[in-house]
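# Coordinate analysis (summary)
Read off the chains here:
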Amino acid sequence: RVDEWTDVDRKRVMNDIITTMFNKKFMEELFKPQELYSKKALRTVYDRLAHASIMRLNQASMDKLYDLMTMAFKYQVLLCPRPKDILLVTFNHLDTIKDFIRDAPGILNQVDETFRQLIETYSCLSAGEFQLIRQTLLVFFQDMHIRVSIFLKDKVQNSNGRFVLPISGPVPWGTEVPGLIRMFNRNGEEVKRTEFSTGGNYVTPQREGSFDLYGDRVLKLGTNMYSISRPVETHMSGSSKTSAPHAKESIVPNPLAKEELNFLARLLGGLEVKKPGGSETGFRLNLFTTDEEEEHAALTRPEEFSYKVINIEATQ
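Residues numbered from 1 in each chain as written. Predicted model: local features only at pLDDT ≥ 70, side-chain atom pairs only at ≥ 80, totals over all residues. Heavy atoms only, no water.

### Some words on the nonpolar core
If you look at the biggest cluster of nonpolar residues, it comprises 43 residues, and the most contacted ones within it are Ile18, Phe22, Tyr75, Leu94, Val111 and Phe151. Elements supplying a minimum of two residues to this core: α2 (24-31), α3 (39-50), α4 (59-78), α5 (85-100), α6 (105-122), α7 (127-141), β2 (146-148) and α8 (149-153). Ranked by the residues each element gives to this core, the list is headed by α5, at seven residues. For Phe151, the residues in contact, after removing those within four places along its chain, are Met71, Ala72, Tyr75, Val156, Gln157, Phe163 and Met225. Core analysis: the next-biggest nonpolar cluster, separate from the first, contains nine residues, Val13, Tyr46, Leu57 and Leu65 among them. (Core = buried A, V, L, I, M, F, W, Y, C linked by side-chain atoms within 4.5 Å. Buried < 20%, exposed > 50% of the residue type's maximum accessible area, 1.4 Å probe, protein only. Helix = DSSP H or I, 4+ residues; strand = E, 2+ residues; numbered from the N terminus. Contact = heavy atoms within 4.5 Å.)

Printed below as a string of structure tokens:
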């Protein structure tokens, strides 16, 4: 309830979540070379992170938040002008997180340390390696077509849950505006030029985004989608309800399953879930307009989309 939710409460919840998210042990595990997580593992980590503060979410609100997060991230990866710009999207995320905690120097230092690790690990990669990262992420999300009201209203998502790729605007940094064909002879001399219509209104970007600890990222992907306040809804699209990968769990035992559980146990060991103690009741986050709407969403959600979350007690 808005009347009970103060800026002090908001700051406290954000500080709790960000402190847990950038926990040194957790970050060390994340930066180790490893296979991509399964969807189950990602959801488990996300659940634990969301409950790292005294905030609580019911299953339906948690599902909605997760759907929103996965589709927003898919949108950002899909619309990156060039693969290396995934790093700029990540830096936009971290810049915003730093803005939340500018009054907490200890936590700010944790985030800056992660920033430095990202620069050290990824800034030296080739364009081909970034392309491989981008394609791997898109394969992970390719069966997810959840409609999000904010994307539908902005016409960046179609009614079937698929994103719209623009045919106008700035071209990737280091490339030219399309529309010109040059022909060369065997000596490498240009002998002829022809032009063609592109069907889009392309422009050359003014400058490249900064890949440093501080700087103008130029790219707006990964910045706050809610700078204009509006309600957010997520809906399963018809196409995803029939997608086979979600419908049934494979009955063939996965040889990596035990290894993944061990990895999850290590990963979650540093994530302490806070339980309201003493007289504290904690805060409950409801992503629906009313409690009744949230309860109805929990009852009507298709069975195949109910995530079976594995709880691992890894603190020992």
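Anyway, onward from the coordinates.
### Focus on α7
Note: α-helices contain 3.6 residues per turn, so residues at a spacing of three or four share the same orientation. Taking 1.5 Å of rise per residue, the 15 residues of α7 would be expected to cover 21 Å, and the 21 Å separating its terminal C-alpha atoms lies within 8% of that figure. Where α7 is concerned, the buried positions are Phe130, Arg134, Leu137, Leu138, Phe140 and Phe141. Seen along its axis, α7 keeps its buried residues to an arc of 155°; they face one direction. In the core, the buried residues of α7 are packed alongside α3, α4, α5 and α6. (Expected span 1.5 Å × (residues − 1). Arc of directions from axis to C-beta.)

### Considerations on the pattern of salt bridges
Side chains that differ in charge, positive against negative, can pair when their charged atoms come close. This model, assessed by the stated rule, comprises 15 salt bridges. A salt bridge links Asp63 to Arg43; the nearest nitrogen and oxygen atoms lie 3.0 Å apart. Of the two residues, Asp63 is situated in helix α4 and Arg43 in helix α3; the sequence distance between them amounts to 20 residues. Across this residue pair, the class does not change: Asp63 and Arg43 are buried. Among the salt bridges present, the one from Glu190 reaches Arg193, with a minimum N-O distance of 2.4 Å. When salt bridges with common partners are traced through the structure, they connect Glu176, Arg182, Glu190 and Arg193 into a single cluster. (Salt bridge = Lys/Arg side-chain N within 4 Å of Asp/Glu carboxyl O.)

### Side note on the pairing of strand β5 (residues 190-195)
Here strand β4 (residues 180-184) runs beside β5; their pairing, made up of five bridges, is antiparallel. Within β5, the position partnered with Arg182 by the bridge is Arg193. Taken together, β4 and the strand that follows it, β5, pair antiparallel across an intervening segment of five residues, in which Gly188 is found at a positive phi of about 85°. (Pairing = 2+ DSSP bridges.)

### Focus: a nonpolar patch on the surface
A surface patch of nonpolar side chains, about 340 Å² in accessible area, is lined by Ile181, Met183, Val191 and Phe196. If you trace the backbone, Ile181 turns up in strand β4. A relative accessible area of 39% places Ile181 in the partly exposed class. (Patch = residues over 30% accessible without salt bridge, like charges linked within 9 Å, V, L, I, M, F, W, Y side chains within 5 Å. Areas by Shrake-Rupley, 256 points an atom, 1.4 Å probe, with all protein chains shown as cover.)

### Thoughts on unusual backbone geometry
Residue Lys155 is not a glycine yet carries a positive backbone phi of 60°. A relative accessible area of 65% places Lys155 in the exposed class. Backbone geometry places Val218, a non-glycine residue, at a positive phi of 65°. Take Val218: it is sitting in the loop between β6 (202-203) and β7 (234-236).

### What about the packing of helix α1 (residues 7-21) against α6?
Interaxial distance between α1 and α6 falls to 10 Å at its minimum, and their mutual angle equals 40°. For the pair α1 and α6, the sense of crossing is left-handed. From α1, Asn15, Ile18 and Thr19 reach across to α6, where they touch Ile107, Gln110 and Val111. Residue composition of the contact of α1 with α6, by class: three nonpolar, three polar and no charged. (Axes fitted to C-alpha atoms, helices over the stretch in contact; angles between N-to-C directions. Left-handed = near helix turned anticlockwise from the far one by under 90°. Nonpolar A, V, L, I, M, F, W, Y, C, P; charged D, E, K, R; others polar.)

Any functional reading would require information that these geometric values do not contain.
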